[in-house]
Amino acid sequence: MSTHTLMPYDEALERFEPVLGLETHVELGTASKMFCGCPTTFGAAPNTQVCPVCLALPGSLPTANAAAIESTIRIGLALNCSIAEWCRFARKNYFYPDMPKNYQISQYDEPLCSDGYLDVEVDGKTVRIEIERVHLEEDTGKSTHMGGATGRIHGADYSIVDYNRAGIPLVEIVTKPIPGTDRLAPEVARAYATELREVMRALGVSDVRMEEGSMRCDVNVSLMPRGSSEWGTRTETKNVNSLRSVERAVRSEIERQAAILADGGRIVQETRHFHEDTGSTTSGRSKEEAQDYRYFPEPDLVPIAPDPAWVASLKAALPELPRVKRKRLQQEWGVSDLDMEAMHNADAIDLVEATVAAGAPPADARKWWMGELARRANEAGVPLSALEITPDQIARVCAMVAGGALNDKLARQVLEGVLNGEGSPDQVVSARGLQIVNDEGELSTIIDQVLADNADAAEKVRGGKIAAVGALVGGVMKASRGKADAGRARELILEKLGVSE
Ligand SMILES: [Zn+2]
């Protein structure tokens, strides 16, 4: 049975129902590590942010980072979880070369936060994702495998280890199984990861840069035949590091598992790797069970017993959460659910909000970000926020259009100039000479020429066929290379032809 055979998505969904599960790791943005005082700066020279504790030298003892515990509780509260009044860290035992202790300090049966939910919008509907637990642990170091073709350990000549990341506080957010998403499973997975990332940003607990690994998703997928209520064996695709990849990984696993099941095969419970280039997954290792880790309570750390009054004060001080904020902005901007969802999916809401804050009407701000700029971002294959243009500059262009200095066509050229690095909107307008022709004398000269060149159309208008004026206005716009004010040109043409509407 080939692991490369895929069943077309539609056919797979006709025969099977997917059940999802998502485990997300978020590196907290604390100044120091989870159990020692080492700094956590990303990108420092290898093995320069280490000490006896995070290198696990004999006799060193951990101390829990209070800021990390506070951040984890805030995440739990934002995800509607219950916060444990008393819980402990646990040792998760396994040998791994990038974890010098040979165990990871994590939490097992006593997580800090449990039983919450996160609502997400998909296809105009609200989907409630139940959260099983949010717990705190430490990140591992980073291995780099050298000399092989794939960068994986197989085929490598040797491996090097950087312990700077070892001991950075890591929050793991685990959903309950998510049935019932049907053909929207890939979109639901993506919407959940997107929403979770925004919650983290709003809380200010992590920079959640998926490309730098400060947020990583493990995607669980299983299939059950239509009509069955017995869940199938799941696979876990590890460390998927972009929102788009989360969606693709789910889709590809559904297509792969469906092909195997339809062929009478069995799904192996295992971890899998996602490949950005092909959009497919390949087999990793067979999945450990909890008993393989021989968890036991961490004897070197005191239990965590957050004062309920402190937890209540953290809850009261939570910022406006992204979904609530979106509902508020949707009201203020007067847009439909689907338009709002489209802006959300395009990561445009903050940009539109900032553009409105800079003075643009919401409808105009939305039009440019979701139209011309989304098109250009799409062409360049980058997110909207990566475009070399600011909300202030968009607001300036909106103001120029509203003031009659630009029409939409010219405004698009101004945006193009700004994106090309030609300077601010005002600099582009003057350098490219994009100002609308509002010199009446110049406009009049252009119109005279157009009337002379289009005597037939002019005659029709004179004879009462006002509709024919469109061709004449078009001629003026062409002759002025788009810089005439079309409305004013129309007025002047009718006036010159002695016709009134
Ligand atoms: Zn350290």
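Numbers given to residues run from 1 along each chain, matching the order in which its sequence is written. Residue-level local features of this predicted model are given only where pLDDT is at least 70; pairs of side-chain atoms are given and counted only at 80 or more, and the full residue set underlies all totals for whole chains, interfaces and linings.

## With respect to the domain arrangement of the protein chain
Per the annotation, domain bounds derive from an automatic or database assignment of domains. When the domains of the protein chain are assigned, the result is domain 1 (9-314), domain 2 (320-432) and domain 3 (440-496). Between the C-alpha centres of domain 1 and domain 3 the distance comes to 65 Å.

## Observations regarding the nonpolar core
Formed by 70 residues in total, the largest nonpolar core has its most connected members in Leu112, Ala189, Tyr192, Val219, Val246 and Val250. With 9 residues, the top contributor of residues to this core is helix H3 (residues 185-203). Here contacts are defined at the residue level, using C-beta atoms placed from the backbone and a cut-off of 7 Å between them. Apart from residues lying up to four places away in sequence, Leu112 is in contact with Thr72, Ile73, Gly76, Ile83, Ala84, Cys87, Gln107, Val134, His135, Leu136 and Ile304. Grouped together as the second largest cluster of nonpolar side chains are 44 residues, Ala377, Val450, Val476 and Leu497 included. Buried Ala, Val, Leu, Ile, Met, Phe, Trp, Tyr and Cys residues whose C-beta atoms connect them within 7 Å together make up a nonpolar core. Here a residue counts as buried when 20 or more other C-beta atoms fall within 10 Å of its C-beta, as exposed when 12 or fewer do, and as partly exposed in between; the C-beta atoms come from the backbone. Secondary structure counts use DSSP, requiring at least four H or I residues in a row for a helix and at least two E residues in a row for a strand, with both numbered from the N terminus.

## Describing helix H15 (residues 469-479)
Considered for burial, the residues of H15 that qualify are Val469, Leu472, Gly475 and Val476. Around the axis of H15, the buried residues are gathered within 115° of arc, so they sit on the same side. Looking one or two residues beyond H15, the residue adopting positive phi is Arg481, at roughly 50°. Working definition: the arc comes from the directions between the helix axis and the C-beta atoms, pointing outward to the latter.

## A few points about H3
Multiplying 1.5 Å by the helix residue count minus one yields the expected span of that helix. For H3, built from 19 residues, the straight-helix expectation of 27 Å at 1.5 Å per residue is met to within 8% by its first-to-last C-alpha distance of 27 Å. Most of H3 sits inside the fold, with 14 of its 19 residues counted as buried. Positioned one or two residues after H3, Gly204 has a phi angle of 70°, which is positive.

## So, the pairing of strand S1 (residues 16-27)
Counting buried positions along S1 gives 9 out of 12 residues, so the element sits mostly inside the fold. Here S1 runs beside strand S10 (residues 215-225); their pairing, made up of 11 bridges, is antiparallel. Counted as the bridge partner of Gly21 is Asn220 from S10. Pairing between S1 and strand S9 (residues 169-175): 5 bridges, direction antiparallel. Residue pairing for S9: His25 is matched across the bridge by Glu172. DSSP bridges decide pairing: two strands pair if at least two such bridges lie between them.

## Some points on the sheet that holds strand S14 (residues 296-297)
Overall, antiparallel pairing links the 3 strands, which are arranged S4-S3-S14 in an open sheet. At either margin of the open sheet sits one strand with a lone partner, and together these are strand S4 (103-106) and S14. For strand S3 (residues 90-93) and S14, the ladder comprises 2 bridges, and the chain directions are antiparallel. Note on S14: the bridge partner recorded for Arg91 is Phe296.

## Details of the sheet that holds S10
The pairing of strands in a sheet comes from backbone hydrogen bonds and takes either a parallel or an antiparallel form. An order of S2-S5-S6-S9-S1-S10-S11-S12-S13 is seen for the 9 strands of this open sheet, with the pairing classed as mixed. A strand with exactly one partner marks an edge of an open sheet, and here the two such strands are strand S2 (82-83) and strand S13 (280-286).

## Some points on unusual backbone geometry
Although it is not a glycine, Asn80 adopts a positive phi angle of roughly 60°. In this structure, Arg294 takes a positive phi of about 45° despite not being glycine. Within the secondary structure, Arg294 is located in the loop between S13 and S14. Taking the number of C-beta atoms within 10 Å as the measure of exposure, Arg294 has 11 and is therefore exposed.

## Here's the deal with the packing of helix H13 (residues 440-453) against H15
For helices, the fitted line uses only the C-alpha atoms of the stretch in contact; every axis is such a line through C-alpha atoms, and the angle between N-to-C directions lies from 0 to 180 degrees. Contact geometry of H13 with H15 gives a least axis separation of 9 Å together with a crossing angle of 125°. Relative to H15, the element H13 lies oblique. As for how H13 packs across H15, the hand of that crossing is right-handed. The segment H13 lies against H15, with Ile446, Ile447, Gln449, Val450, Leu451 and Asp453 engaging Leu472, Gly475, Val476 and Ala479. Three classes are used, and their members are as follows: Ala, Val, Leu, Ile, Met, Phe, Trp, Tyr, Cys and Pro are nonpolar, Asp, Glu, Lys and Arg are charged, and the others, Gly among them, are polar. When the residues that make up the contact of H13 with H15 are grouped by side-chain class, the tally is 7 nonpolar, 2 polar and 1 charged. An angle below 35 degrees is read as roughly parallel, one above 145 as roughly antiparallel, one from 65 to 115 as roughly perpendicular, and any other as oblique. We call a crossing left-handed when the near helix sits turned anticlockwise from the far one by less than a right angle, and right-handed when that turn is clockwise.

## Concerning the packing of H3 against helix H4 (residues 243-262)
In contact at an axis separation of 8 Å, H3 and H4 are set at 150° when each is read in the N-to-C sense. Put simply, H3 runs roughly antiparallel to H4. Here H3 runs over H4; the crossing is right-handed. Residues Ala185, Pro186, Glu187, Ala189, Arg190, Ala193 and Thr194 of H3 touch H4, and the partners they reach there are Leu243, Val246, Glu247, Val250, Arg251 and Ile254. Tallied by class, the residues present in the contact of H3 with H4 amount to 8 nonpolar, 1 polar and 4 charged.

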